[in-house]
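Structural overview for review
Spelled out from the first residue to the last, the chains are:
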Amino acid sequence: MKKQLEMVVEKVNEIALDTIEMTLSNVHAAKTAQPGQFLHLQVEGHALRRPISIADIDRENNFLTVLFKKLGDGTKRLAMYRPGMTIDALGPSGNGFSYEPSMKTVLLIGGGIGIPPLYNLGKQLKNKGIKVIAVLGYQSKEHVFYEEKFNELGETIVVTNDGSYGSRGFVTNVLDQVADFDYYFSCGPVPMLKAVTKALHGHQGYISLEERMGCGIGACFACVIPTDTEGGYRKICKDGPVFAVNEVIL
Amino acid sequence: MIDLTMDLPGLNLKNPIMPASGCFGFGREYSEFYDLSRLGAVIMKAATGDVRYGNNTPRVAETSSGMLNAIGLQNPGVEKIIENEVPFLANYAIPIIANVAGSTLEEYVKVALAFNKTESVNALELNISCPNVKEGGIQFGTDPDMAATVTEKVKEASNLPVYVKLSPNVSDIVGMAKAVEKAGADGLSMINTLTGMQIHLETKKPLLANKTGGLSGQAIKPIAIRMIYEVKQHVTIPIIGMGGISTAEDVLEFLLAGASAVAVGTANFQNPCVCPEIIDALPRTLEQYGFQSVLDAVGKGYEA
Ligand SMILES: Cc1cc2nc3c(=O)[nH]c(=O)nc-3n(C[C@H](O)[C@H](O)[C@H](O)COP(=O)(O)OP(=O)(O)OC[C@H]3O[C@@H](n4cnc5c(N)ncnc54)[C@H](O)[C@@H]3O)c2cc1C
Ligand SMILES: Cc1cc2nc3c(=O)[nH]c(=O)nc-3n(C[C@H](O)[C@H](O)[C@H](O)COP(=O)(O)O)c2cc1C
């Protein structure tokens, strides 16, 4: 049977402006987590849980790392958790990124706080001998995080919206600089995903989606996404958050 | 031994706890967390005549001590529910209550008739109160005559006991309750969500795609308690109470107000095991306040 997990906070660091890196330990979660899955975290005093992606998995030490942006009350409160405290979590939830050993070169495209779930994926791809190229977009210089970590995985291009670091503009502005690839994986705000899937039309890829969730386990139908114009749909929390690009309509 | 059983029209409950409609789907997801046969009963997600996609997203927003939802009755349609979902729930030895929704009188009757075909459904919950559906335009839940008409028609069509689910978005809840009792309702279910709105400061516009949504969770409990307390004194049919329940103490409060059984909705989202946890805690809570059975406590809040 599934159950709520008690996760122990191991480390909390502010790694960029309003961006928190938190390491949590739990044996079950660390042993079973897949890149692209999320934890549904219960923050004290809130009626709804907060979905946060798994950014890194350390199966030896039973650690999971999450990265989140301090946005509203829930994430601000989450940022105040200290090592030794426990967090009630559901998960690892949803379907993560799937890849095949036959892939040769993979392009990772992340926007802002959509970058974290691509990190562990990139690590796994590299371990499988698949070449990784990353395009990472941030608002501005003080928001940049994990650039060095992605550099270790492969060629990494950074863009900022205001041009204060890397190239100026959006991730889609630099896609023509990227060498050939056979698959892409992308996570970020919906407008970015729309632009990316349009720009890379004809390529095969996977995208990870965000939507406001209720139960987070597939029962309440809050976070659905249409699959056609005839009433077909998928549940982001359960069937996703990762989908093949042609599976859903953004 | 504290007696948790409760006998209601069509429902032989081993305990008075059931998940509320729309907050539990058709049980599959929660069956991965615990054995559903522990529940007193289960209330399925709303069924309409045909498949419905529902509203655009965002469909939920968090509020102080609660949430707003505007799912818009997304469901595969009554036939698919009977074919694919009812057999799954029938594996568990618990009464099944089907939540019946529609935008027209004919649609309600069609759904009610369809459920006659299955032997596994034990009662209907007539959802005349969903605030999130715009088409149809007929306000069954806020007009006592319309509420009575739909109750009568569904009673005629169905061979199952009918619990009418009342909307709290009315000024005279007692009048609504009396109207549906007179029309033949076997029981009441209350309350559905209260219509609300949240404006998103970033966009300066309503956050929900549907603009308005139904408020549920702890925030609405005092309203549910007040309405059940008032209604119970004017009707003889039993009440299934709901609205913000998350603990055994909340359940006792509903029983005292006049509910004979309760449903738990929003609390499942925070804690998927909340129903069995309440069932485990209930005997002690009843005992602590001097009750030997669930029945003992029903209506004690207003009886002299
Ligand atoms: C599958 C998935 C993975 C995610 N992974 C990450 C991650 O790794 N790092 C990260 O920083 N953020 C992530 N998010 C977004 C994150 O869930 C929201 O930023 C967070 O819930 C905001 O909570 P809050 O209390 O700070 O904001 P508030 O605005 O106060 O939240 C109010 C309500 O809206 C919901 N909400 C607000 N914004 C979002 C959003 N963008 N997506 C979903 N729900 C939202 C909240 O959960 C809460 O129920 C993810 C979202 C999803 C769906
Ligand atoms: C996401 C969601 C979906 C709901 N869907 C339905 C529904 O389909 N039919 C219905 O009668 N009530 C529906 N409700 C109302 C609940 O059954 C219940 O009456 C209400 O939420 C109050 O209980 P609570 O505070 O415990 O959630 C829904 C509530 C929520 C939060």
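The shown structure was predicted, so the numbers you read here are calculated from the model rather than taken from an experiment. (Residues numbered from 1 in each chain as written. Chains lettered and ligands numbered in written order. Predicted model: local features only at pLDDT ≥ 70, side-chain atom pairs only at ≥ 80, totals over all residues. Heavy atoms only, no water.)

1. A closer look at the interface of chain B and chain A
We count it as follows: When checking whether two residues touch, look at their non-hydrogen atoms; a contact exists if any pair is within 4.5 Å. Here's the idea: put two parts together, see how much 1.4 Å probe accessible area each one loses, and the total over both is what we call buried area. The working definition used for a salt bridge is a side-chain nitrogen of Lys or Arg within 4 Å of a carboxyl oxygen of Asp or Glu.
With 30 residues of chain B at the interface, the matching set in chain A holds 30 residues. For the pair chain B and chain A, the summed buried surface comes to about 2600 Å²; carbon and sulfur atoms form 60% of the total. The tally of links between chain B and chain A comes to four salt bridges. In this structure, the salt-bridge partner of arginine 50 of chain A is glutamate 62 of chain B, at a minimum N-O distance of 2.7 Å.

2. Brief notes about the site of ligand 1
All names here are of chain A. Filter applied, for reference: If a single non-hydrogen atom of a residue is within 4 Å of a molecule or strand, that residue counts as near it. Polar contacts, as used here, are pairs of N or O atoms within 3.5 Å; protein pairs need one atom able to donate a hydrogen and one able to accept it. Residues neighboring in sequence count only if both atoms are side-chain atoms. Shrake-Rupley sampling with a 1.4 Å probe provides the accessible areas, and residues are treated as covered by the protein chains on show and by no other component. Note that Gly is not counted as nonpolar here; it falls among the polar residues with everything else outside the nonpolar set of Ala, Val, Leu, Ile, Met, Phe, Trp, Tyr, Cys and Pro and the charged set of Asp, Glu, Lys and Arg.
If you check the shell around ligand 1, you find 22 residues, and the closest are Pro51, Gly72, Gly74, Thr75 and Arg212. At 2.6 Å, a side-chain N or O of arginine 212 approaches an oxygen atom of ligand 1. Look at ligand 1: alone it shows 830 Å² of surface, and the protein chains cover 87% of it. The residue makeup of the shell around ligand 1, split by class, is 11 nonpolar, four polar and seven charged.

3. Comments concerning the UniProt feature "binding site: [2Fe-2S] cluster" (unreviewed entry) in chain A
Heads up, the condition is: UniProt positions are given in the numbering used here, feature names are shortened, and annotations may be inferred rather than shown by experiment. For helices the rule is a DSSP run of H or I covering at least 4 residues; for strands it is a run of E covering at least 2, with both sets numbered from the N terminus onward.
UniProt tags Cys215, Cys220, Cys223 and Cys237 of chain A as "binding site: [2Fe-2S] cluster" (unreviewed entry). A stretch of 23 residues holds the annotated residues, and the largest C-alpha distance among them is 10.2 Å, short enough that they meet in one place. Within the secondary structure, cysteine 220 of chain A is located in the loop between β13 (204-208) and β14 (224-226). Sequence-distant contacts of cysteine 220 of chain A, defined by excluding residues within four places in its chain, comprise Gly214 and Cys215 of chain A together with Gly22, Ile71 and Phe269 of chain B. Residue placement: cysteine 237 of chain A occurs in the loop between β15 (233-235) and β16 (242-244). Setting aside anything within four residues of it in sequence, one finds cysteine 237 of chain A in contact with Phe38, Ser93, Gly94, Met213, Gly216, Ile217, Gly218 and Cys223 of chain A.

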